[in-house]
Amino acid sequence: MIIIGAGPGGLALAHGLRKHGIDAVVHERDAHPGARPQGYRIQLDEPGLTGLRHCLPAELFELCLATAGAPPARVSVRDRHLEVLADRAAARASGTAGAVGPRVFDRSTLRRIMLHGLDGHVHHGARLTSYRHEDDGRVTARFADGRTATADLIVGADGVNSTVRRLLLPEVRAEDAGLRLVYGRIPLDARARAALPDWVFGSVFTVLTDGPGKAHLGLGPVEFATRPDVAGRARTPVVDLPPVGDYLACMIGAPADHPAMPAADLRALPPAALRELALELLGGGWHEDVHRLLDRWDTASLLPLRISTTGPVPAWEPGPVTLIGDAIHAMSPVLAMGANTAVRDAAELTRALAGAADRDGNPIEAVGSYESRMRDYAFPIVAESRRTGQQRVGQH
């Protein structure tokens, strides 16, 4: 099995398949896990946590939970004056035995945990350029450095700009949702906690909005149950994790056609310029609490994000190449379901392929069964994320 992409979906799939005795090797284009910033906060609700439990070895799943925070049970939307516009209960665990309630993870910590145990089975610096179908039904992947690998199946877990999707379904494009974000962290040391208002910690996520088509600000606490390096050292064998402290994930977003938004690619801007842009997008007239928050925004942590989304993709003929996660169903982040759905995909594909292996069945039929189920649950979430994004922040 060849998996393209070492994000949460690809790594979960690698663990899941290996638990069932199916060889899986991950090929990642980045030179190393920290080669580029990829964000900070990941929230997993029941679909993602159930998938993670299914795929990961029990000791790694428990380590994930040991470092994750159990967030408050509310999602809040407020205006620039902090008046509550909407407030709803966040997702909760079902009554299923062993179900776990929503958890918030630090992305880099989660990835480090999920890389553990895959030594020799994750190749970095491996950028896929093409693949070729062989006469025996297998498929050969070719990489930019000239290396090749052949397997029964290639899985594209390579994100919104997926090379696998481009080769498999060239007619399918991830659309620009017309929303740009400047994303970063506010460190939560003791002094910051004492200085910040209580409402910041009262919700799993808070959106401050000036209305659709204007700038908005999003805040989500990342508070570790146990600091990652401490939790990792308590394991046998030890899992080496970085000493990350608690923080608020903080993002300022605006439509791409906002008058203050530059035409140039935001990725060309250094962090200090991103900060200036974000504050200009936000404009004046916001509650003083907002300004106190942004005074603590860590400039060095800032990175730009362009939000993309896909529409429903008609069924295609199943074969020895398939897709999971953002590679096939990129979605707006407003419902926090992107990572959840990617990890669910990994678990669904693991079940399908493991079941086929146990029955000496046809793995292509298993792929087709997974793809059918994935379309049924994933694309309604994409559509709902798009609708909510349009209503809340004015995305396309």
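What counts and how
- Residues numbered from 1 in each chain as written.
- Predicted model: local features only at pLDDT ≥ 70, side-chain atom pairs only at ≥ 80, totals over all residues.
- Heavy atoms only, no water.
- Pairing = 2+ DSSP bridges.
- Helix = DSSP H or I, 4+ residues; strand = E, 2+ residues; numbered from the N terminus.
- Axes fitted to C-alpha atoms, helices over the stretch in contact; angles between N-to-C directions.
- Buried < 20%, exposed > 50% of the residue type's maximum accessible area, 1.4 Å probe, protein only.
- Lys, Arg positive; Asp, Glu negative; His and termini not counted.
- Salt bridge = Lys/Arg side-chain N within 4 Å of Asp/Glu carboxyl O.
- Phe/Tyr/Trp six-rings, centres within 6.5 Å; stacked < 30°, edge-to-face > 60°.
- Lys NZ or Arg CZ within 6 Å of the ring centre and 35° of its normal.
- Core = buried A, V, L, I, M, F, W, Y, C linked by side-chain atoms within 4.5 Å.
- Contact = heavy atoms within 4.5 Å.
- Parallel < 35°, antiparallel > 145°, perpendicular 65-115°, else oblique.
- Left-handed = near helix turned anticlockwise from the far one by under 90°.
- Nonpolar A, V, L, I, M, F, W, Y, C, P; charged D, E, K, R; others polar.

### Overview of the sheet that holds strand S11 (residues 154–156)
Okay, step 1: On the basis of which strands lie adjacent, the open sheet formed by five strands has the order S7-S2-S1-S11-S17 and parallel pairing. Where the open sheet ends on each side, the last strands, each with one partner, are strand S7 (122–124) and strand S17 (321–323). The average angle at which neighbouring strand axes cross in this sheet is 20°, direction not considered.
Okay, step 2: Strand direction decides the pairing type here: strand S2 (residues 25–28) and S7, joined by three bridges, are parallel.

### Concerning the side chain of arginine 275
Okay, step 1: Within the secondary structure, arginine 275 sits in helix H8 (residues 271–282).
Okay, step 2: One buried charged residue, arginine 275, remains without a salt bridge, the closest side chain of opposite sign being aspartate 295 at 5.1 Å.

### Regarding the packing of aromatic side chains
Here the distance between the centres and the angle between the planes together describe a pair of aromatic rings.
Okay, step 1: Tallying each qualifying case throughout the model produces two aromatic pairs.
Okay, step 2: Judged by centre distance (5.3 Å) and plane angle (70°), the ring pair of tyrosine 40 and tyrosine 183 falls under edge-to-face. Taken together, the residues tyrosine 40 in the loop between S2 and strand S3 (41–44) and tyrosine 183 in strand S12 (residues 175–187) connect sequence positions 143 residues apart.
Okay, step 3: By relative accessible area, which is 6% here, tyrosine 183 ends up buried.
Okay, step 4: Relative to tyrosine 247, the ring of tyrosine 40 has its centre 6.2 Å away and its plane inclined at 75°; by these criteria the two rings are edge-to-face. You can see tyrosine 40 sitting in the loop between S2 and S3 and its partner tyrosine 247 sitting in strand S15 (residues 247–255), a full 207 residues away along the chain.
Okay, step 5: Judged by relative accessible area, which is 11%, tyrosine 40 ranks as buried.
Okay, step 6: Assessed through its relative accessible area of 2%, tyrosine 247 is described here as buried.
Okay, step 7: Aromatic rings pair up to connect Tyr40, Tyr183 and Tyr247 into one cluster.
Okay, step 8: Seen from the ring of tyrosine 377, arginine 344 lies directly overhead, with NZ or CZ sitting 3.7 Å from the centre.

### Side note on the nonpolar core
Okay, step 1: Membership of the largest hydrophobic core comes to 76 residues, with the highest contact counts inside it found for Met1 and Leu353.
Okay, step 2: With nine residues, the single largest contributor to this core is helix H12 (residues 363–393).
Okay, step 3: In contact with methionine 1, not counting residues within four places along its chain, are Leu17, Ile22, Asp23, Ala24, Val25, Ala151, Leu153, Val155 and Leu353.
Okay, step 4: Residues Ile252, Leu277, Leu281 and Leu302 belong to the second largest nonpolar core, which totals 29 residues.

### Some points on the pairing of strand S14 (residues 216–222)
Okay, step 1: Among the seven residues in S14, seven count as buried, and that is most of the element.
Okay, step 2: Burial of the side chains of S14 extends over both faces: His216, Gly218, Gly220 and Val222 are buried on one face and Leu217, Leu219 and Pro221 on the other.
Okay, step 3: For strand S13 (residues 205–209) and S14, the ladder comprises four bridges, and the chain directions are antiparallel. Across the sheet, residue threonine 206 finds its bridge partner in S14, namely leucine 219.
Okay, step 4: As defined by bridge partners, S14 adjoins S15 across seven bridges and the pair is classed as antiparallel. Bridge pairing in S15 links leucine 219 to cysteine 250.

### As for helix H4 (residues 107–115)
Okay, step 1: For H4, the complete set of buried residues consists of Thr109, Leu110, Arg111, Ile113, Met114 and Leu115.
Okay, step 2: Glycine 117 sits one or two residues past H4 and shows a positive phi near 90°.

### Points about the sheet that holds strand S10 (residues 148–151)
Okay, step 1: With antiparallel pairing, three strands are arranged side by side in an open sheet as S8-S9-S10. Because the sheet does not close on itself, it has two edges, and the strands there are strand S8 (128–133) and S10. Taken over all neighbouring pairs, the strand axes of this sheet differ in orientation by 20° on average, direction set aside.
Okay, step 2: Across five bridges, S8 lies against strand S9 (residues 139–143) in antiparallel orientation. Residue pairing for S9: tyrosine 131 is matched across the bridge by alanine 141.

### Considering the packing of helix H3 (residues 58–67) against H4
Okay, step 1: Look at H3 against H4: their axes get within 10 Å of each other, and the N-to-C directions meet at 165°. In terms of orientation, H3 and H4 fall into the roughly antiparallel class. Crossing handedness for the pair H3 and H4: right-handed. Touching Leu60, Leu63, Cys64 and Thr67 of H3 are Thr109, Leu110 and Ile113, all from H4.
Okay, step 2: Within the contact of H3 with H4, the residues separate by chemical class into five nonpolar, two polar and no charged.

### Side note on the pattern of salt bridges
Okay, step 1: With the rule as written, the count across this model stands at 20 salt bridges.
Okay, step 2: The residue arginine 138 makes a salt bridge to aspartate 136 at a minimum N-O spacing of 3.3 Å.
Okay, step 3: Three or more residues joined by partner-sharing salt bridges are found here, namely Asp176, Arg180 and Arg306.

### Some points on the environment of alanine 151
Okay, step 1: Within the fold, alanine 151 resides in strand S10.
Okay, step 2: Along the chain, alanine 151 and histidine 291 lie 140 residues apart, while their C-alpha atoms are 54 Å from each other.
Okay, step 3: The contact partners of alanine 151, leaving out residues within four places of it in the chain, are Met1, Ile2, Arg138 and Val139.

### Re the environment of glutamine 38
Okay, step 1: In this structure, glutamine 38 sits in the loop between S2 and S3.
Okay, step 2: Spatially, the C-alpha atom of glutamine 38 lies 14 Å from that of glycine 338, the residues being 300 residues apart in sequence.
Okay, step 3: For glutamine 38, the residues in contact, after removing those within four places along its chain, are Asp30, Arg107 and Arg111.

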